[in-house]
Every structure is written in structure tokens, then in C-alpha cells.
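# Inside the fold
Listed below, chain by chain, are the residues.
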Amino acid sequence: MEALRVAVVKECNCFRVERRCDIMRKTAIKLQGIRKSFYIGQPNELEILHGINIDVKEGEFVSIVGESGSGKSTLMNIIGALDRPTQGEYFLDGKKINGAKDRELSVIRNKKIGFVFQTYNLIARTNALSNVELPMLYAGIPKNKRAKRAKELLDIVGMSERMDHKPDELSGGQKQRVAIARAMSNNPSIILADEPTGALDSDTGRKIMDIFHRLHRENGKTIVLITHSSSLANETERIITLKDGLVIGERKGEASC
Ligand SMILES: Nc1ncnc2c1ncn2[C@@H]1O[C@H](COP(=O)(O)OP(=O)(O)O)[C@@H](O)[C@H]1O
Ligand SMILES: [Mg+2]
């Protein structure tokens with residue numbers, strides 16, 4: 001009976017993925033010739049990214065892998081509009097944003113992109129509920145609507161019972177679940193996760209990964225995930241390998257069409 005149930009669920013998931021794969025997907029993220037240098041004092045500039053070209057389709061689940069120091073976080077910060085490229089063009093939903101003003105970029109970060117960090121980056125002095133509400137507060141959502149949605153999101157990530165707890169009263173995995181709920185608060189189409197399971201044991205990491213799969217499959221989110229784990233990367237649709245600031249490889253993952 002259990003085996004049958006699993007088979008049906010699997011078939012159902014495959015069906016959903018196949019259906020989405022049939023549709024011509026638009027490009028959500030397009031990076032063209034992205035270079036990034038950091039100024040490290042006269043007369044030196046250190047170039048970290050040397051011309052990155054990446055396309056991510058709407059609803060795609062992509063992972064980025066590479067050794068420590070290869071430029072993954074630098075790249076992710078550019079994709080997440082937290083930083084600007086030194087050269088190259090960045091199109092988000094077909095709109096060029098590398099020349100956008102700071103105000104426009106902060107609106108993009110608030111509305112279009114949900115960011116999940118390895119170290120959670122929750123606000124220590126407020127509880128889980130307020131942490132999830134915060135991006136909605138910035139977006140001008142009224143208090144009652146914010147609280148309702150934050151509770152729904154905490155329920156999705158299995159954290160309803162802990163919504164009154166502050167981050168230091170939560171385990172790493174629980175903090176990351178709150179951080180994912182926060183990333184989802186303004187219903188962004190894109191979720192960026194920079195080593196979200198890097199600080200967690202493998203069982204907890206597994207549960208976090210399952211949440212990303214669900215957001216991808218059931219909510220159609222576009223997800224870009226940086227991970228050190230090749231087995232987690234293999235579960236995504238496409239794996240991009242970065243080395244010394246360049247894309248050196250790309251292959252299909254288990255979830256590919
Ligand atoms: N603000 C900065 N100033 C100077 N160098 C930096 C800065 N940020 C990152 N780097 C350097 O860029 C390289 C890539 O860093 P990072 O993108 O964090 O790599 P990864 O996430 O793949 O480990 C590293 O050598 C790092 O020291
Ligand atoms: Mg990094």
C-alpha cells in the first residue's frame with residue numbers, strides 16, 4: 001500500500017514536471033559577459049569573475065557548484081541585485097537591470113527575488129513571525145495581511161508552532177526554514193540560495209532541500225542554488241560548474257526535462 005502511494009505521488013510529480021517542460025519557457029535570468037573586479041588598493045584591481053554567460057529559464061531549478069573561492073557568492077550577489085557587475089549585462093525577466101538606480105534595485109530585491117543565506121541572516125531581536133513579516137512591511141503591506149501571510153508561510157515550512165520564538169531559540173534547520181518563509185513573503189518568482197544547507201547536518205539539509213523541491217514543483221519558482229554537495233546538485237535540473245571565475249561546465253541533473 002505504501003509502495004503504491006509513493007508510486008502515485010512520483011507519477012504525479014513527473015506529470016507536473018513534464019507538463020511544465022512542454023511549455024516554451026521564457027528566460028528569467030540572463031547574464032552576458034559578466035565581469036566583477038574588486039578594488040584592493042592602488043594600483044590593483046582584482047578581477048574575480050571573468051566573463052560569465054548564464055541563462056536561467058522561468059521555473060527552472062539550477063544549481064551552481066565550484067570550489068571555495070571560485071566566485072559563486074560574488075556571482076549570486078550580482079544575480080540577487082545585491083551587487084553590480086563591473087562589466088557585462090544582466091537581464092531580469094527581459095529587462096536590463098545592470099544600469100538600474102539603487103532605488104529600482106531595492107524594489108527588485110524586495111518583490112522579485114527571495115534570498116536564502118548559509119547563515120540565515122535573521123534579525124536576532126524579533127521572533128520568527130516578525131522576521132517573515134519584515135519584507136512585507138518594507139513593501140507596504142498592511143499589518144493584518146502581513147501577519148496572515150507570514151503565518152501561512154511558516155505553516156508551509158512546518159514552523160507554525162515556533163512562530164513566537166526568537167532565532168537564538170531555534171535550531172539551525174528551524175532558522176533556515178524561517179529564512180525560507182521570509183524569502184517567500186512577497187511571493188517572488190525567483191529564489192536564490194547561497195549554500196543554504198552548508199551549516200546543517202545532512203538530515204536537516206535533506207529536509208531543507210525538500211522544501212526547495214516543493215517550491216519548484218508546486219509553486220513554479222525559479223531557483224538558483226549554490227551547494228557544495230554534488231548529490232544535492234544532482235537533484236536539480238541543471239548543474240553549472242564555476243572555476244576561477246569562469247563557467248567551465250554544464251550538465252543536466254536528475255530533475256531535467
Ligand atoms: N569585497 C571583496 N574584495 C576583495 N576580494 C573579494 C571580495 N569578495 C570576494 N572576494 C574574493 O573573491 C573570490 C571569490 O569569492 P566568493 O565569490 O566568495 O567565492 P565562493 O563563494 O565561490 O567561495 C575570493 O578569492 C574572495 O577572496
Ligand atoms: Mg560562497
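Notes on the structure follow. (Residues numbered from 1 in each chain as written. Chains lettered and ligands numbered in written order. Predicted model: local features only at pLDDT ≥ 70, side-chain atom pairs only at ≥ 80, totals over all residues.)

## Section: helix α5 (residues 143–156)
Compared with the 20 Å implied by 1.5 Å per residue over 14 residues, the 20 Å span of α5 between its first and last C-alpha is a close match. Buried within α5 we find R146, A150, L153 and L154. An end-on view of α5 places all buried positions within 100° of arc, on one side of the element. More than 90 degrees from the buried face of α5, the exposed residues found are N144, K145 and K148. Where the residues of α5 are buried, they touch α4 (128–138) and α6 (172–183). (Helix = DSSP H or I, 4+ residues; strand = E, 2+ residues; numbered from the N terminus. Expected span 1.5 Å × (residues − 1). Buried ≥ 20, exposed ≤ 12 C-beta atoms within 10 Å, placed from the backbone. Arc of directions from axis to C-beta. Contact = placed C-beta atoms within 7 Å.)

## Considering α4
Listed as buried for α4 are A128, L129, N131, V132, E133, P135 and M136. Turning to α4, the residues buried within the fold contact α3 (102–111), α5 and α6. At the C-terminal side of α4, G140 shows a positive phi close to 80°.

## Let's talk about the site of ligand 1
The immediate surroundings of ligand 1 are formed by F38, I40, L46, I48, G66, S68, G69, S70, G71, K72, S73 and T74. Taken together, the elements giving at least two residues each to the shell around ligand 1 come down to β2 (45–57) and α2 (72–79). Of the residues assigned to the shell around ligand 1, the class counts are four nonpolar, seven polar and one charged. (Near = placed C-beta within 6 Å. Nonpolar A, V, L, I, M, F, W, Y, C, P; charged D, E, K, R; others polar.)

## Focus on the sheet that holds strand β10 (residues 246–252)
The strand order across the open sheet formed by six strands is β6-β7-β8-β3-β9-β10, and the pairing between neighbours is mixed. Both edges of this open sheet fall to β6 (113–117) and β10, since each of them pairs with a single strand only. On average, each strand axis in the sheet is tilted by 15° relative to the strand beside it, whichever way the strands run. Pairing analysis gives four bridges linking strand β3 (residues 61–65) to strand β9 (residues 238–243), with the strands arranged parallel. Across the sheet, the residue bridging to V65 is T241, located in β9. (Pairing = 2+ DSSP bridges. Axes fitted to C-alpha atoms, helices over the stretch in contact; angles between N-to-C directions.)

## Re the nonpolar core
Judged by nonpolar contacts, the single largest core of 58 residues is most densely connected at L154, A181 and L192. Looking at which element gives the most residues to this core, the answer is α6, with five residues. Apart from the residues within four sequence positions on either side, L154 is in contact with A128, L129, V132, M159, S160, M163 and A181. (Core = buried A, V, L, I, M, F, W, Y, C linked by C-beta atoms within 7 Å.)

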